[in-house]
Structures are given as structure tokens and as C-alpha cells.
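Chain and residue survey
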Amino acid sequence: GFSLVVGLMDAATGIGLVFLPVLTLQLMGLDAGAYATSLIRFIGTFVFASGGLYLWGLILGKRTSSREPLYFAWVATSWIRLCVGTSTGIMIAIGELSPGWLSVPMADLSIAIFQLYLIWTGAFSLQQK
């Protein structure tokens, strides 16, 4: 369930940033005029790809009756989220991004830590439970 919700959240946000960048930024409480539309669309592509990893892992896992695709999606998305959360947090701290962006590092870092905790403690194992 978690993977489906987070995957859909990222995929929907990414689609919004690609096809409706101004509206999506406004929904995030950000000044859309402060950013180049092409850059926001580029970022949206990566957000969509991250969400797609969860969904792809779920689909492949269902097809093969294996948790392995979803496990590796979690490993990959944890790394992506650590990188994005850290870099956006630093950009906010040094004033390159407005505080309105705080939801990005907060969400990415908390999800990454949650996923890594489950991976490292063995709660998310490759064995079906």
C-alpha cells in the first residue's frame, strides 16, 4: 500500500510539473513566475520517474510473484530521495530556494529514512511473508 500511495503521489506530481507547471507550483504554494517553466518540466520528469519506479516494482513483482523488483525500487528511490532531500534542504538553507520548498526535503528525507529503516532491519525482506 505504501509503495502504491507514494508512487502515485510522485507520478501525479511529476505529470503536473511537466504538463501544468504553473498550476502545480501554485498548488505547492510557490511563485511560479520565479522559475523557468522548462526547468520545472525537467524536474517533473525526474519526479515522475521516481514515482514510476515504485509502480514498476509493484507491477513486475505482481507478474513474477516476487518482492525483488519492489525491493530494488525501494533501494533506488531511497537513494534518489536522500540526494533530492539533502540538496533541496541545502538550497533552502543558503537562500537559493524559498522556504516554500520545505515540503520537498521534509517528504523526501522522511520517506527515505522510513524505507531504509525497513530495508536495514529486514522488515522488507525478499522473502514473502
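Structure shown above.
To start, this report covers the structure provided alongside it. Keep in mind it's a predicted model, so treat the numbers as computed, not measured. (Residues numbered from 1 in each chain as written. Predicted model: local features only at pLDDT ≥ 70, side-chain atom pairs only at ≥ 80, totals over all residues. Heavy atoms only, no water.)

1. Comments concerning the overall build of the protein chain
When helices and strands are tallied, the protein chain shows 5 helices and 0 strands. In terms of overall dimensions, the protein chain has a C-alpha envelope of 50 × 30 × 20 Å along the principal axes. Here the protein chain holds 129 residues, and the buried ones make up 34% of them. Total accessible area on the protein chain stands at roughly 7700 Å², and carbon and sulfur atoms take up 73% of it. On the protein chain, the mean spot of the 6 positive side-chain charges and the mean spot of the 5 negative ones are 17 Å from each other. (Helix = DSSP H or I, 4+ residues; strand = E, 2+ residues; numbered from the N terminus. Buried < 20%, exposed > 50% of the residue type's maximum accessible area, 1.4 Å probe, protein only. Areas by Shrake-Rupley, 256 points an atom, 1.4 Å probe, with all protein chains shown as cover. Lys, Arg positive; Asp, Glu negative; His and termini not counted. Charge placed at Lys NZ, Arg CZ, Asp CG, Glu CD.)

2. Remarks on helix H5 (residues 103–120)
Residues lying three or four places apart along an α-helix face the same way, a consequence of the helix completing one turn every 3.6 residues. Relative to the 26 Å expected for 18 residues at 1.5 Å per residue, H5 spans 25 Å between its end C-alpha atoms, a close match to the ideal helical length. Structurally, H5 contributes buried residues whose contacts are with helix H1 (2–19), helix H3 (37–64) and helix H4 (68–93). Note on H5: the residue one or two positions beyond its end, Gly122, has a positive phi of about 85 degrees. (Expected span 1.5 Å × (residues − 1). Contact = heavy atoms within 4.5 Å.)

3. Concerning a nonpolar patch on the surface
Among the surface-exposed residues, Ile15, Phe19, Leu20, Leu23, Leu27 and Phe48 lie close enough to one another that they form a single nonpolar patch of about 640 Å² accessible area. Elements that contribute at least two residues to the nonpolar patch include exactly H1 and helix H2 (21–27). If you trace the backbone, Leu27 turns up in helix H2. By relative accessible area, which is 69% here, Leu27 ends up exposed. (Patch = residues over 30% accessible without salt bridge, like charges linked within 9 Å, V, L, I, M, F, W, Y side chains within 5 Å. Salt bridge = Lys/Arg side-chain N within 4 Å of Asp/Glu carboxyl O.)

4. Observations regarding H3
Helix length check: H3, at 28 residues, gives a terminal C-alpha distance of 40 Å against a target of 40 Å (1.5 Å per residue), a fit within 8%. For H3, every residue scored as buried is listed here: Ile40, Gly44, Ser50, Gly51, Tyr54, Gly57 and Gly61. Looking at the buried positions of H3, the neighbouring elements they touch are H1, H2, H4 and H5. Immediately downstream of H3, the backbone of Ser65 shows phi near 55 degrees, a positive value.

5. Some points on the packing of H1 against H5
Packed helix pairs are characterised by how far apart their axes lie and by the angle those axes make with each other. Where H1 meets H5, the axes come as close as 13 Å, and the angle between the chain directions of the two elements is 150 degrees. Viewed along their axes, H1 and H5 adopt a mutual orientation that is roughly antiparallel. Viewed along their axes, H1 and H5 form a crossing whose handedness is left-handed. Taking contact as the criterion, the partners of Phe2, Val6 and Met9 in H1 are, on H5, Ile111, Phe114 and Gln115. Across the contact of H1 with H5, the residue classes break down as 5 nonpolar, 1 polar and no charged. (Axes fitted to C-alpha atoms, helices over the stretch in contact; angles between N-to-C directions. Parallel < 35°, antiparallel > 145°, perpendicular 65-115°, else oblique. Left-handed = near helix turned anticlockwise from the far one by under 90°. Nonpolar A, V, L, I, M, F, W, Y, C, P; charged D, E, K, R; others polar.)

6. Regarding the packing of H4 against H5
At a minimum axis separation of 8 Å, H4 and H5 run at an interaxial angle of 145 degrees. Seen from above, H4 lies across H5 with left-handed handedness. Taken together, the residues that form the contact of H4 with H5 break down as 15 nonpolar, 7 polar and 2 charged.

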